[in-house]
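# Residue-level structure breakdown
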Amino acid sequence: MQNKSLEIEINRVWNTAVYLQMMAAFCKELDFSDYKILMMDLYEIIKRNDEKEIDTVLPKYDDRLNEIAIPLIKKYPLKRSIDEIATDWNLLFKNDKEVFSNGVMIGWLGQQINLKSYYFYDYYPYHFKVGLVIHKSRGEIEEHFLLKDAFSCLIKAQNSLRLLEEYGQTKKDEFTKKDLLQFDKETLNIINIIKYDVSLYSRLTIVSFFSFIESFINSIGFDHYYRNQGALKSSDIEILQGKKRGRHLSLKNKIEKFQKIIREDNIAKIVLSDTAQIKEPFKTLFETYEELRNSSVHFSPQKTRIWLKPHDWVNKAQEFSNFTVSAALEIWKSCHETSKGPDYLGRLDYNRLYKLANENECKIDKIEKSF
């Protein structure tokens, strides 16, 4: 059995090793693979439980670990003790065996250490996931995925419409030269297939943009809840999690109520509960497109029809994309009392997001044509 003083010393050094494992997992200053070898060597020595060997070797490992830790602590100052950080880091793995694959919430990480030297963006939601180990220097959050999905669908809808127009014109010229007055069955078949793609991607554009704004609003609520849960009333906590008295809140209600909780003045600058006060882009967003989105997701004969002409579908998709991004930007500005959009979502700059999605689509197209 180890003597008490040696046991305390082992725990102290091991907690430093665990703290450094966390640092090696996320920061570029420390290579995870190299550090893992050092940590495993220390683990094997402790595991063998030879007091004399441990007593001899432990100070050397302590020196080496401190040598690594000192510059990291200088760059990322501790907000808690190394023992507390090590304990919390270990607890993460008890709740999620795949932490290295799934990443860690930046808000959690920011409670342990000062991340001023790490930030890529000027603001991260608390639950933004920081990539670890092979995903180091990367990070992601659900609403960003959905926003990229939405713009990608819009580009595909527009490209499908362009293909429809070009194919139709080419075939029209061919048939005119042959003095034929109408397309044959095969040509009409292909035209209908392309028309379907136009409608498909247009519907998905509307569904995806609506999914984005729902996710975005939920994210704003949870971000404020995570950061302030110790100071919030229980009723506000429930609202920020999207419910009131156990019932789910509508998107309109969340937008209005979140502002009242999050803003310093507790005022809803964007009013949606009074139809007379609803302004654009929210008026059209909820009066026209919410119904179209609902019809696309779960259609019935009593809802807005989804059988539209290709040009009409693309026009609606384009218009809705603009309304959604504009609405999201207004909500962010109101809740965060700022003049800027969220940096982690490209400031919600429509032209910038569209250009990026189009560039990505061009890259995919180029790859497909290379085979």
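The shown structure was predicted, so the numbers you read here are calculated from the model rather than taken from an experiment. (Residues numbered from 1 in each chain as written. Predicted model: local features only at pLDDT ≥ 70, side-chain atom pairs only at ≥ 80, totals over all residues. Heavy atoms only, no water.)

### Points about the overall build of the chain
Each helix and strand in the chain was counted, giving 13 helices and five strands. A principal-axis box enclosing the C-alpha atoms of the chain has dimensions of 100 × 55 × 35 Å. Taken across its 371 residues, the chain has 43% of its residues classed as buried. Long-range contacts, defined here as pairs at least 24 residues apart, represent 67% of the contacts in the chain between residues at least 6 apart. Carbon together with sulfur atoms contributes 51% to the accessible area of the chain, which is approximately 21300 Å² in total. Of the side chains in the chain, 56 bear a positive and 54 a negative charge, and the two mean positions are spaced by 4 Å. (Helix = DSSP H or I, 4+ residues; strand = E, 2+ residues; numbered from the N terminus. Buried < 20%, exposed > 50% of the residue type's maximum accessible area, 1.4 Å probe, protein only. Contact = heavy atoms within 4.5 Å. Areas by Shrake-Rupley, 256 points an atom, 1.4 Å probe, with all protein chains shown as cover. Lys, Arg positive; Asp, Glu negative; His and termini not counted. Charge placed at Lys NZ, Arg CZ, Asp CG, Glu CD.)

### Concerning the nonpolar core
Among soluble globular proteins, nonpolar side chains are generally buried collectively. By size, the foremost hydrophobic cluster in this structure holds 98 residues, and its most contacted members are Phe 26, Tyr 35, Trp 89, Phe 216 and Leu 348. At 12 residues, the largest contribution of residues to this core is made by helix H1 (residues 4–26). Every residue in contact with Leu 348, bar those within four places of it in the chain, is listed here: Leu 147, Phe 212, Phe 216, Val 325, Ala 328, Leu 329, Pro 342 and Leu 353. Among the nonpolar cores identified, the runner-up in size contains eight residues, and Leu 164, Tyr 167, Ile 191 and Ile 194 belong to it. (Core = buried A, V, L, I, M, F, W, Y, C linked by side-chain atoms within 4.5 Å.)

### Focus on unusual backbone geometry
For the bond running from Glu 280 to Pro 281, omega is 5°, close enough to zero to count as cis. One can find Pro 281 in the loop between helix H10 (251–262) and helix H11 (282–297). Of note, Arg 347 is a non-glycine position whose phi angle comes to about 60°, a positive value. Turning to its location among the elements, Arg 347 is positioned in the loop between helix H12 (310–336) and helix H13 (350–370).

### Let's talk about helix H2 (residues 32–48)
In a regular helix each residue adds 1.5 Å, so 17 residues correspond to 24 Å; H2 covers 24 Å between its end C-alpha atoms and thus fits that length. Of the surrounding elements, those touching the buried residues of H2 are H1, helix H3 (51–75) and helix H5 (99–102). N-cap assignment for H2: the residue whose side-chain oxygen lies 3.1 Å from the backbone N of Ser 33 is Asp 31. Phi turns positive one or two residues past the end of H2, at Asn 49, with a value near 60°. (Expected span 1.5 Å × (residues − 1). Polar contact = N/O pair within 3.5 Å; in protein donor to acceptor, adjacent residues only side chain to side chain.)

### Notes on the sheet that holds strand S1 (residues 104–105)
Reading across the sheet, the three strands line up as S1-S2-S3 and stay open at both edges, with antiparallel pairing between neighbours. Each of the sheet's edge strands pairs with one partner strand only, and the pair in question is S1 and strand S3 (139–140). Bridge count for strand S2 (residues 129–130) against S3 is two bridges, and the pairing is antiparallel. Bridge pairing in S3 links Val 130 to Gly 139. (Pairing = 2+ DSSP bridges.)

### Observations concerning the layout of surface pockets
Estimated volume of the largest pocket: approximately 350 Å³. For the largest pocket, the lining is made up of 17 residues, of which His 144, Lys 148, Leu 353, Leu 356 and Asn 360 are closest to its centre. The leading source of residues in the lining of the largest pocket is H13, at seven residues. Split by residue class, the lining of the largest pocket holds nine nonpolar, four polar and four charged. When its volume is computed, the second largest pocket comes out at roughly 220 Å³. Lining the second largest pocket, in full, are Ile 155, Lys 156, Gln 158, Asn 159, Arg 162, Tyr 354, Asn 358, Glu 361, Cys 362, Ile 364, Asp 365 and Glu 368. Elements with a contribution of two residues or more to the lining of the second largest pocket: helix H7 (142–177) and H13. It is H13 that contributes the most residues to the lining of the second largest pocket, seven residues altogether. Here the residues of the lining of the second largest pocket sort into four nonpolar, three polar and five charged. (1 Å grid on protein atoms, 1.4 Å probe; cavity = no way out; pocket = protein on both sides within 12 Å on 5 of 7 lines; lining within 4 Å. Points joined across faces, edges and corners; volume = space filled by probe spheres on them. Nonpolar A, V, L, I, M, F, W, Y, C, P; charged D, E, K, R; others polar.)

### Here we look at the confidence of the model for the chain
Residues at a pLDDT of 70 or more form 95% of the chain, whose mean pLDDT is 92. With pLDDT under 50 throughout, residues 298–303 is counted as low confidence; its partners more than four residues away or in other chains account for eight contacts. (pLDDT = per-residue confidence, 0-100.)

### Notes on the pattern of salt bridges
On inspection of all chains with the given rule, the structure shows 16 salt bridges. One salt bridge in this structure joins Arg 12 and Glu 9, with 2.5 Å as the shortest N-O distance. A residue pair is termed a helical-turn pair when its members lie 3 or 4 positions apart in one helix, as Arg 12 and Glu 9 do in helix H1 at three residues. According to the relative accessible area criterion, Glu 9 is partly exposed, its value standing at 32%. Between Arg 227 and Asp 223 there is a salt bridge whose closest N-O contact spans 2.8 Å. Placement of both Arg 227 and Asp 223 in helix H8 (residues 185–228) is noted, with a separation of four residues, approximately one turn of the helix. (Salt bridge = Lys/Arg side-chain N within 4 Å of Asp/Glu carboxyl O.)

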